[in-house]
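Overview (structure and organization)
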Amino acid sequence: MSSTNSASESPLKNTLYRFLWVTMFASDIGVAMQTVGSGWLITSLAPSPFVVALLQVMTSLSIFLLALPAGALADIVDRRKLFLATQYFSLAVAAILSILTFGGFTTSSILVVFTLLLGLGNAMSLPVNIVIQTELVPKKKALAAMTLFSVAIYIGLAVGPLLGGLVVAAAGPWAVFMLNALSFVGVIVFLHRWRKPPERKLLPPEQVIGAIRTGLRYMRHSLHVRALFVRDFALTICGSALVSLLPLLARNEAGSNSILFGILIGAFGIGGMISGLIIVPRIKKISIEKRVTSATILYAVAMAFLSFQHDIVLVFIGVFAVGTALIIITSSLNFIAYNSVSSWVRTRVVSVHQLVYWGGVAIGSITWGIVAEIWGIPTALLAASVGLVIGLVTSTRYKLKPLTDVDMTPSMHWSMPRAMIDIDDHEEGSVLVEMEFQIDPTRSHEFESAMNDLRSVMLRDGAINWELFHDIENPSRYVMMFTSESWTEHLRQHERITKADLAIEQHAISFHIGKDPPRISHLISEDTSKQNHKTKKEDKV
């Protein structure tokens, strides 16, 4: 492909996307500067591997706590307004931390708490951010859009630490915290100017708890999503060792030179920047499974290398290699999370992907902080490297398969039943749907296999249970039954069935040999306790 064609495919050609990319790039630089300021300050306030690792734990823990509610909320409210609120919150927290630090009031405990608060703002905005950036470009450019945003993060990690080191050396950590606060302004301006077309929805929005429950049910019955979460966890438990101990490793090599400290941390971002701009576009034809496996091996080798090296140049090379590997892994896993699910649940899946990823980072960070405290940083890095390889070997049975050739758009082929009774309260009373088949008994095993595939679709899209019954008196008769929580939730199922699901359903129906199509019945539960209560009141009268 020519360079001209490659350039024309860049999402940066899109004005809105470019505006968001630039503002997020500035914000990423601010976050990277904040990391240097926090890392430098915490090693001055409490130079303990455990306390240093605790900063990373706070960031990860906040995502672990809020990712799922944030994803559910983003799927049922205006994403632009939610994103805007998180940016205002993060701006205020960073500004207050800057003022406290300038006044000399910041202690290690205060720094850890404010790191947690900034993490909470990030946790609420992260799933929305990932989805919004892909909404601004055609779906075929989603991977390129995600990679470019990863590149922005890593450029920020390359430039931000160096700038942060310079600012810390010139003015102190408080100035870095204030610059981070100002870096949120660009995103806020974009969100005020962007006017997303309103979505027309016939049904009332889901409740947050119900949306969480439905999202978890979808993930439980999606093989591709389960594979993604297994790989997330296998990577992060051991891969978090270098990320959490990097400030202490860099400070040990840089001594009291904050500029050199920033350069060493910046090596991580430089590796990611080069990988995203040069390597990732050139390996598009390699399967995501092979990309992630190769990058994980590089990650493990680099950590083992760093455990033996103390020369500052070699440490820079090792950290650079980790950054190179990590952008290949994270952009690939984010793409799987975005591209392998239906649009109605996409933000929830992305949020749980982040929850599992950062939950693993939180567990790994505190674990390797304790290991480094007892046996030293080199031992912790070497053990984590071995663990990363073991995790890769044990998790490869869960293959990463982006559904690029699967049509996940709603099919809307389910017809509305003619309700002959009043359905006064759509949120009360479960719904039972029956579908009756006549099957050639000689093909019963094939039919049951096809119905098992359909079962996963029904449960994934909102059914709370599903069963297939075989008539013992009539071997050719089967009845499929599934239950929805409410009439409204069943109507949502009508909107969730995709064109890919339609093919699975049609395959199952193709076994039906009756003259008429399979008979479908809809039954809604009656609350007899209300009727009994009403009868008792009438009897008293």
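All values derive from a computational prediction rather than experimental measurement.

From N to C terminus, the protein includes 19 helices and four strands. By residue count, 53% of the 541 residues in the protein fall in the buried class. Long-range pairs, those at least 24 residues apart, make up 85% of the contacts in the protein with a sequence separation of at least 6. Carbon and sulfur atoms provide 64% of the accessible area of the protein, an area that totals close to 24600 Å².

This brings us to the nonpolar core. The nonpolar side chains of soluble globular proteins are, as a tendency, buried together. One finds Leu 242, Tyr 299, Met 303 and Leu 381 to be the most contacted residues of the largest nonpolar core, which totals 105 residues. Ranked by the residues each element gives to this core, the list is headed by helix α13 (residues 312-339), at 14 residues. For Leu 242, the contacting residues outside a window of four places in its chain are Leu 249, Met 303, Leu 306, Val 322 and Leu 381. Leu 203, Met 451, Val 457 and Tyr 478 belong to the second-largest nonpolar core, a separate cluster that totals 24 residues.

Moving on, we come to unusual backbone geometry. Even without a glycine there, the phi angle at Met 412 is positive, about 55°. The exposure class assigned to Met 412 is exposed, which follows from its relative accessible area of 52%.

On to the side chain of Asp 501. With respect to the helices, strands and loops of the structure, Asp 501 is situated in helix α18 (residues 499-509). Residues within four places of Asp 501 in sequence aside, it is in contact with Val 457, Arg 460, Asp 461 and Arg 496.

As enumerated under the stated definition, the model contains nine aromatic pairs in all. Centroid distance Tyr 218 to Trp 344: 5.5 Å. Interplanar angle 90°. Geometry classified as edge-to-face. With Tyr 218 in helix α9 (residues 208-220) and Trp 344 in the loop between α13 and α14 (346-375), the pair connects residues that are 126 residues apart, well separated along the chain. As far as the burial class goes, Tyr 218 and Trp 344 line up, both buried. Sitting above the plane of the Trp 344 ring, Arg 496 keeps its charged end 4.0 Å from the centroid.

This brings us to the sheet that holds strand β3 (residues 477-484). Spatially, the four strands line up as an open sheet ordered β2-β3-β1-β4, and their pairing is antiparallel. In the strand order of this sheet, the two ends are held by β2 (465-470) and β4 (519-524), each with one partner. Neighbour-to-neighbour, the strand axes of this sheet turn through a mean angle of 15°, independent of strand direction. In the sheet, β2 pairs with β3 via six bridges, with the strands oriented antiparallel. Of the residues in β3, the one forming a bridge with Phe 469 is Val 479. The sheet contacts of helix α16 (residues 444-460) involve β1 (431-438), β2 and β3, and relative to β2 the element is tilted by about 165°.

The predicted model of the protein has a mean per-residue pLDDT of 81, with 89% of residues at 70 or higher. A low-confidence stretch, residues 1-8 stays under pLDDT 50, and its non-local contacts, those more than four residues away or across chains, total five contacts.

Considering the arrangement of structural elements, one finds Met 408 in the loop between α15 (377-395) and β1. Separated by 88 residues in sequence, Met 408 and Arg 496 place their C-alpha atoms 9.4 Å apart. Apart from the residues within four sequence positions on either side, Met 408 is in contact with Lys 139, Tyr 218, Ser 340, Val 341, Ser 342 and Thr 498.

On to the pairing of β1, then. Within β1, six of the eight residues are buried, which leaves the element mostly enclosed by the surrounding structure. Inspection of the sheet shows β1 paired to β3 by eight bridges, in the antiparallel sense. Looking at β3, one finds that Phe 437 is bridged to Tyr 478. Where β1 meets β4, six bridges bridge the pair, whose relative direction is antiparallel.

A few words now on a nonpolar patch on the surface. A contiguous nonpolar surface patch, about 490 Å² in accessible area, is contributed by Phe 50, Ile 366, Ile 370, Ile 374 and Trp 375. A per-element tally of the nonpolar patch places α14 first, with four residues. Here Phe 50 lies in helix α3 (residues 49-76).

Parameters and conventions
- Residues numbered from 1 in each chain as written.
- Predicted model: local features only at pLDDT ≥ 70, side-chain atom pairs only at ≥ 80, totals over all residues.
- Heavy atoms only, no water.
- Helix = DSSP H or I, 4+ residues; strand = E, 2+ residues; numbered from the N terminus.
- Buried < 20%, exposed > 50% of the residue type's maximum accessible area, 1.4 Å probe, protein only.
- Contact = heavy atoms within 4.5 Å.
- Areas by Shrake-Rupley, 256 points an atom, 1.4 Å probe, with all protein chains shown as cover.
- Core = buried A, V, L, I, M, F, W, Y, C linked by side-chain atoms within 4.5 Å.
- Phe/Tyr/Trp six-rings, centres within 6.5 Å; stacked < 30°, edge-to-face > 60°.
- Lys NZ or Arg CZ within 6 Å of the ring centre and 35° of its normal.
- Pairing = 2+ DSSP bridges.
- Axes fitted to C-alpha atoms, helices over the stretch in contact; angles between N-to-C directions.
- pLDDT = per-residue confidence, 0-100.
- Patch = residues over 30% accessible without salt bridge, like charges linked within 9 Å, V, L, I, M, F, W, Y side chains within 5 Å.
- Salt bridge = Lys/Arg side-chain N within 4 Å of Asp/Glu carboxyl O.

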